[in-house]
Number of protein chains: 2
Amino acid sequence: MIYIFDGAMGTMLQNAGLPPGYCPELWNQEQPAVITAIHKSYIDSGSDIIETNTFGANRIKLTHYGLEEKVALLNTAAVQAARAACGPDTKIAGSVGPTGKLIVPLGDLSFDDAYNVFFEQISALDQAGVDMILIETIIDIQEMRAALLAAKAASKKPVICQMSFGADERTVTGTDPITATIILEAMGADIIGVNCSLGPAQLLPIVEKIAQTTNCPISVQANAGMPSLINKQTVFPMQPEEMGLWAKKLVAAGARYVGGCCGTTPQHIKSIYQAVKHLALSDLPTVQSAKKSTALTSRSKTIYLGAGHPTVIIGERINPTGRKQLAADIAAGQFISVKKEALSQVRAGAHLLDVNMGVPGIDQAKAMQYAIQELSMLVDVPLVIDTTDVNALEAGLKAYPGRALINSVSAEPERLKSFLPLAKKYGAAILCLPISPAGVPKTAQDRLVVIQEIIHKAFETGLKPGDFVLDALILTAAADARAGLEALATLKLYRQHLGYPTTMGLSNISFGLPRRDIINATFCAMALDAGLDAPILNPYDPLMQQTLAASALLLGDDPSGRSYSVNYAPTSQSEERAAPLTPKNI
Amino acid sequence: MIYIFDGAMGTMLQNAGLPPGYCPELWNQEQPAVITAIHKSYIDSGSDIIETNTFGANRIKLTHYGLEEKVALLNTAAVQAARAACGPDTKIAGSVGPTGKLIVPLGDLSFDDAYNVFFEQISALDQAGVDMILIETIIDIQEMRAALLAAKAASKKPVICQMSFGADERTVTGTDPITATIILEAMGADIIGVNCSLGPAQLLPIVEKIAQTTNCPISVQANAGMPSLINKQTVFPMQPEEMGLWAKKLVAAGARYVGGCCGTTPQHIKSIYQAVKHLALSDLPTVQSAKKSTALTSRSKTIYLGAGHPTVIIGERINPTGRKQLAADIAAGQFISVKKEALSQVRAGAHLLDVNMGVPGIDQAKAMQYAIQELSMLVDVPLVIDTTDVNALEAGLKAYPGRALINSVSAEPERLKSFLPLAKKYGAAILCLPISPAGVPKTAQDRLVVIQEIIHKAFETGLKPGDFVLDALILTAAADARAGLEALATLKLYRQHLGYPTTMGLSNISFGLPRRDIINATFCAMALDAGLDAPILNPYDPLMQQTLAASALLLGDDPSGRSYSVNYAPTSQSEERAAPLTPKNI
Ligand SMILES: [Zn+2]
Ligand SMILES: [Zn+2]
Ligand SMILES: [Zn+2]
């Protein structure tokens, strides 16, 4: 079934006489019949779902008009005006637009303040009886995250999340459609989509990218083409008939909810309705099945872990354990050394960065929040929040404008109880560590049992395939001759029985032995073939870098050895290029 | 069932009046009744099997008495004299003793001459109607090999091979019981045993070693204790009763054929008969089942390949392909560089040496024979005969006083037809290469099919589990992105479906790429975990040596990393020790 949204409200209000500079939402109270009439004209054109006139009805926007005390009133009036237009099958979507402010650290609005503003508006819409919440035209993923969290807290209705992208297919603050989709699906968005800023021709490839990323239903509301300025007037040039033709393509690309944004009229909606409302869905391409690979994102980049994807390197260096200077810097609130480690690990090839603020005696939550905020501006690789402190975990997850990995969730009841709901709420993936209250299981088989228990609890908490990274657990070879064998056997059992992506902290294996680099690199090669997807390692180690480059070649991720040959070509210039970057040579 | 052999013949003949320095075998013709009477006294004491008076009845020994033309006559007369003593169930073993000369290169008797001498005597014994051939008191494995080959060619009767060991559990020319047993079983000995030189107390641990090595029936004929010189007379001190007590222990250790050698009399045999003839075998320890590991030996050392055994390094350096100087040396009959490569590879840690004489235009058979002869004196690691020339193969196998590995047997019909019978005849193991007339199979599954065909043909030729080493076949990664993956998958399939030990020539993978050492070492680590038992590699490569040391640690072959820690301990002295030896620093 294809659902037809409505079109623009703003231009319709101007045509109905809304004075320039006047608060559009105030008419919900003052001119409800006008609002109802506009809704009616869309319903008559074929809209299944109409959007309330509440795009700017949040406390921050209303403050511009001195109407900050009317949030509940204007949202409630909007829903009433909409309901007055509805036929028996018409649904009402409560429109929620941006605050117009950027969240810390890009702007000065705190995440909690943004959340509260959205919570207030969405509560009013929910209580007034909307059928769904439509968060739309959002250009910053962090704002969308705050709004989505608020929507999930304020309402049990379905939530539609629509971002707006530029012609470069990124939002103003740098997020691409795939990354946004991964973040929003993980946080529980019910419908994911895109609206405004572009016409249907430009939105088509974005819809395709969303469709290849998620099995959520997809919504799209394009402008009536790309606007031109004619006589100082913004003009949207696309005619209704053409809009209908594009609607067919958008549906073929995966959209199931189709409407219009700026410049669209009831005529455009009628054309869309006629073009797609009665399309037979069986003729359309089917959605993909669920994958077991796990996607992590920063604000602007997605990294996939798992079979079929290249090896992902998790840099282990942002960790004060055993490093006195780094610990002292963090305790002093001095994050220069943390930032240096981040930059140099990324330059040395890390695809993800582990962030551990475990300095005894400090406010870990504060340190974690600050580290995550700063690092998310500095580097574009996704972050791994490495903590045993539940407050530090939530501070980090809240601050992170992406989909983080939580390091780690063991089968200890306290950990399961506190960490799993946070993973679900913030849409994070979890690194599952096979440690139970009974201790560290020695054999691969016992580790599989503990991991299955963690996954079972995670499913009960609402996590899904795609949310897991499994740690095979490395003990030290010097203390246990079977440490290597059992870790390798564990990787193979995970691959065979579960199929989720895997990780290990490689350097544990060599603890207490000389030339740890040789052992770590050799073990890495074995583990990569045994099914290791994302080793946690020191990316400055030249032997490890050599092993990783050769492994990519050997495991089919570097056809004809092209990358390898460039890195290790026998010229002095290339030899220099092959040397990994360390803090010394930044 | 326990079978009772007889005891000494020589002392019995002296007691019967044989003059000192007189040829004992001449009495077969001159005094057959005395011979028959001695046999009769043993049969009356319980012997199931009597040994003909032909211990020295070979052409070389008889030449000392000017009796070289009486080989057939004296052997035939001996069998007749024995038969005259036999009851209906008594069996006759045709005794074959040593020539008294050493074979080239330890002595000046050629292998072929030794073979012919044994063939002549054994043919006579066979035609005269013995029930089995007993090759006994042999102190040189190469002489035993010649005698066994001759026995198999001259007779279809069962062949018993009995070596004689010193108090150090080695033969005069250095072979230990395990090594001898492996060589002889592979060459088709029907019963394997030990006689003379030592008393039962000293032979007991040797019988135990033979029993743990083979499922062949085991024979033992001890002297009557360790001799003392009393009044210039050799006296064997052990009394019959004690001999019987020891016989029980020898049977418990695995012997099923028990008799006596020097100093034993019919009284000793009677005591042995009473002690063991009616032992219930169900009370004795059972023999082990067939193993899938493969044992290779030099003259003096055994190396096991396969699961449960440490990684075996096959040194690849004795190969003139692409090495102009080495090729020129071999062509010139100048083997100094070959010997240097052998010594330095062994010092660098090679457990087996591949020997390839593939220089175009030379007499490869001659070169191979010479190389094998020289190397078998120089180093104690088993050799791998690497050739496509069937004449070179046979020359090498004949010259080698051990159990060699043949590199290689493909599924090409000509290769199967010519190489498999030579492997069977000389008791060599075969390196199976999955190449068929249709070419090189690309996938692991196809390689498994071809390997199964080779093994099937090998079984038809009489080879057994324990005779195989499977090559997983490495293509070059630069030409084929799946080269590494398929080789690893092949190793895993071999392990899963066949279980025989595996090998690969590692360096193929990196052909045409820079820094081949990194790729080779990384691939080695992966392959060892995937089931590679015996990599073929360059043992001088320091990166490879590091990887091998770390792999042993990681795969449980170096508990607590003791060897690793010694090799890589952070002191300058140890660092030097860790450096592999290359030809430069010999
Ligand atoms: Zn718009
Ligand atoms: Zn809109
Ligand atoms: Zn003897």
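Parameters and conventions
- Residues numbered from 1 in each chain as written.
- Chains lettered and ligands numbered in written order.
- Predicted model: local features only at pLDDT ≥ 70, side-chain atom pairs only at ≥ 80, totals over all residues.
- Heavy atoms only, no water.
- Axes fitted to C-alpha atoms, helices over the stretch in contact; angles between N-to-C directions.
- Helix = DSSP H or I, 4+ residues; strand = E, 2+ residues; numbered from the N terminus.
- Parallel < 35°, antiparallel > 145°, perpendicular 65-115°, else oblique.
- Left-handed = near helix turned anticlockwise from the far one by under 90°.
- Contact = heavy atoms within 4.5 Å.
- 1 Å grid on protein atoms, 1.4 Å probe; cavity = no way out; pocket = protein on both sides within 12 Å on 5 of 7 lines; lining within 4 Å.
- Points joined across faces, edges and corners; volume = space filled by probe spheres on them.
- Nonpolar A, V, L, I, M, F, W, Y, C, P; charged D, E, K, R; others polar.
- Buried area = accessible area lost by both parts, 1.4 Å probe.
- Salt bridge = Lys/Arg side-chain N within 4 Å of Asp/Glu carboxyl O.
- Polar contact = N/O pair within 3.5 Å; in protein donor to acceptor, adjacent residues only side chain to side chain.
- pLDDT = per-residue confidence, 0-100.
- Phe/Tyr/Trp six-rings, centres within 6.5 Å; stacked < 30°, edge-to-face > 60°.
- Buried < 20%, exposed > 50% of the residue type's maximum accessible area, 1.4 Å probe, protein only.
- Lys NZ or Arg CZ within 6 Å of the ring centre and 35° of its normal.
- Pairing = 2+ DSSP bridges.
- Right-handed = clockwise from strand over helix to strand, strands pointing away.
- Patch = residues over 30% accessible without salt bridge, like charges linked within 9 Å, V, L, I, M, F, W, Y side chains within 5 Å.
- Areas by Shrake-Rupley, 256 points an atom, 1.4 Å probe, with all protein chains shown as cover.
- Least-squares fit on C-alpha atoms with pLDDT ≥ 70 in both.
- Domains from an automatic or database assignment.

### Points about the packing of helix 14 (residues 364–378) of chain B against helix 15 (residues 390–399) of chain B
Residue and element names in this part refer to chain B.
- Viewed as axis vectors pointing N to C, helix 14 and helix 15 meet at an angle of 25°, and their least axial separation amounts to 8 Å. With respect to each other, helix 14 and helix 15 are oriented roughly parallel. Handedness of the helix 14/helix 15 crossing: right-handed. Here Gln-364, Ala-365, Met-368, Gln-369, Ile-372 and Gln-373 of helix 14 come into contact with helix 15, specifically with Asn-391, Ala-392, Ala-395, Gly-396 and Ala-399.

### Regarding empty space enclosed by the protein
- For the structure on display, the rule yields three cavities of 30 Å³ or more.
- In this structure, the largest cavity encloses a volume near 110 Å³.
- If you trace the largest cavity, you find 14 residues lining it, with Ala-521, Thr-522 and Thr-547 of chain A together with Ala-521 and Thr-547 of chain B closest to the centre.
- Broken down by class, the residue content of the lining of the largest cavity amounts to eight nonpolar, six polar and no charged.
- The volume enclosed by the second largest cavity comes to roughly 50 Å³.
- If you trace the second largest cavity, you find it lined by Pro-200, Val-220, Gln-221, Ala-222, Met-243, Ala-247, Leu-250, Val-258, Gly-259 and Ile-272 of chain A.
- For the lining of the second largest cavity, the secondary structure elements donating two or more residues are strand 7 (218–222), helix 10 (240–253) and strand 10 (255–260) of chain A.
- By residue class, the composition of the lining of the second largest cavity is eight nonpolar, two polar and no charged.

### Observations regarding the interface of chain B and chain A
- Contacts between chain B and chain A engage 37 residues on the former and 37 residues on the latter.
- Roughly 3,100 Å² of surface becomes buried between chain B and chain A when both sides are summed, with 68% attributable to carbon and sulfur atoms.
- For chain B, the biggest contributors to the area lost against chain A are Met-526, Asp-529 and Leu-554 of chain B; these three give 21% of the whole.
- Our count for the chain B to chain A interface comes out at two salt bridges.
- One salt bridge in this structure joins Asp-529 of chain A and Lys-492 of chain B, with 3.1 Å as the shortest N-O distance.
- Joining chain B to chain A, the criterion identifies six residue pairs in polar contact (both at pLDDT 80 or more).
- At the level of elements, helix 18 (483–497), helix 19 (516–530), helix 20 (542–554) and helix 21 (562–567) of chain B are the ones that each hand at least two residues to the side of chain B that touches chain A.
- Considered class by class, the residues forming the side of chain B that touches chain A number 25 nonpolar, nine polar and three charged.

### Things to note about the confidence of the model for chain A
- Looking at chain A as a whole, the pLDDT averages 94, with 96% of positions reaching at least 70.
- Segment residues 572–586 of chain A is flagged for pLDDT under 50; beyond a separation of four residues in sequence, or across chains, it makes 24 contacts in the model.

### Things to note about the packing of aromatic side chains
Residues and elements named next belong to chain A.
- In this structure the tally under the stated criterion is 14 aromatic pairs over all chains.
- Arranged with centres 4.9 Å apart and planes meeting at 75°, the rings of Phe-335 and Tyr-370 form a pair that is edge-to-face. In this pair, Phe-335 is assigned in the loop between helix 12 (324–331) and helix 13 (336–347) and Tyr-370 in helix 14 (residues 364–378), connecting sequence segments 35 residues apart.
- Accessibility expressed as a relative area gives 7% for Phe-335, which makes it buried.
- Here the aromatic residues Tyr-3, Phe-5 and Tyr-257 are joined through ring pairs into a cluster of three or more.
- The side chain of Lys-249 reaches across the aromatic face of Trp-246, ending 4.5 Å from its centre.
- One Lys or Arg, Arg-415, reaches over the ring of Phe-419 and ends 5.2 Å from the middle of that ring.

### Points about the pairing of strand 15 (residues 383–386) of chain B
Residues and elements named next belong to chain B.
- Residues Leu-383 and Ile-385 line one face of strand 15 and the alternating positions Val-384 and Asp-386 line the opposite face, and both faces are buried.
- Here strand 14 (residues 352–356) runs beside strand 15; their pairing, made up of four bridges, is parallel. The partner of Asn-356 across the bridge, within strand 15, is Asp-386.
- Chirality of the crossover, the property in question, places the unit of strand 14, helix 14 and strand 15 among those that are right-handed.
- As paired strands, strand 15 and strand 16 (residues 405–409) are joined by three bridges and run parallel to one another. Residue pairing in the sheet places Ile-385 in a bridge with Ile-406 of strand 16.
- The β-α-β motif built from strand 15, the intervening helix 15 and the parallel element strand 16 has right-handed crossover chirality.

### Re a nonpolar patch on the surface
- Taken together, the side chains of Leu-102, Leu-106 and Met-377 of chain A present a nonpolar region at the surface, about 230 Å² in accessible area.
- Judged by its relative accessible area of 33%, Leu-102 of chain A is partly exposed.

### A few points about unusual backbone geometry
- A cis amide bond links Val-104 of chain A to the next residue, Pro-105 of chain A, at an omega of 5°.
- Tracing the backbone through its elements, the reader meets Pro-105 of chain A in the loop between strand 3 (91–96) and helix 6 (111–128).
- Not every positive phi belongs to a glycine, and Ser-560 of chain A is a case in point at roughly 60°.
- Looking at the element boundaries, Ser-560 of chain A is found in the loop between helix 20 (542–554) and helix 21 (562–567).
- Positioned with a positive phi, Ser-197 of chain B is a non-glycine residue whose angle comes to about 70°.
- Along the chain, the position of Ser-197 of chain B falls in the loop between strand 6 (191–195) and helix 9 (200–213).
- The class for Ser-197 of chain B is partly exposed, based on a relative accessible area of 37%.

### Focus on the relation of the copies chain B and chain A
- Least-squares fitting of chain B to chain A yields an RMSD of 0.1 Å, with the superposition described by an axial translation of 0.0 Å and a rotation of 180°. The transformation relating the two chain copies, once decomposed into turn and shift, fits a two-fold axis. In terms of proximity to the rotation axis, the leading residue of chain B is Met-526 of chain B, whose C-alpha is 2.1 Å off the axis.
- The fraction of interface residues of chain B whose copies in chain A are also interface residues reaches 100%, indicating that both copies meet through the same surface.

### With respect to the domain arrangement of chain A
Residues and elements named next belong to chain A.
- Here chain A is partitioned into domain 1 (3–283) and domain 2 (308–585).
- Summarising the inter-unit geometry, the C-alpha centres of domain 1 and domain 2 are found 39 Å apart.
- With 13 residues of domain 1 at the interface, the matching set in domain 2 holds 13 residues.
- For the pair domain 1 and domain 2, the two sides together bury roughly 1,100 Å², of which 61% comes from carbon and sulfur.
- Looking at the side of domain 1 facing domain 2, the largest losses of area belong to Pro-105, Arg-145 and Ala-186, adding up to 38% of the total buried there.

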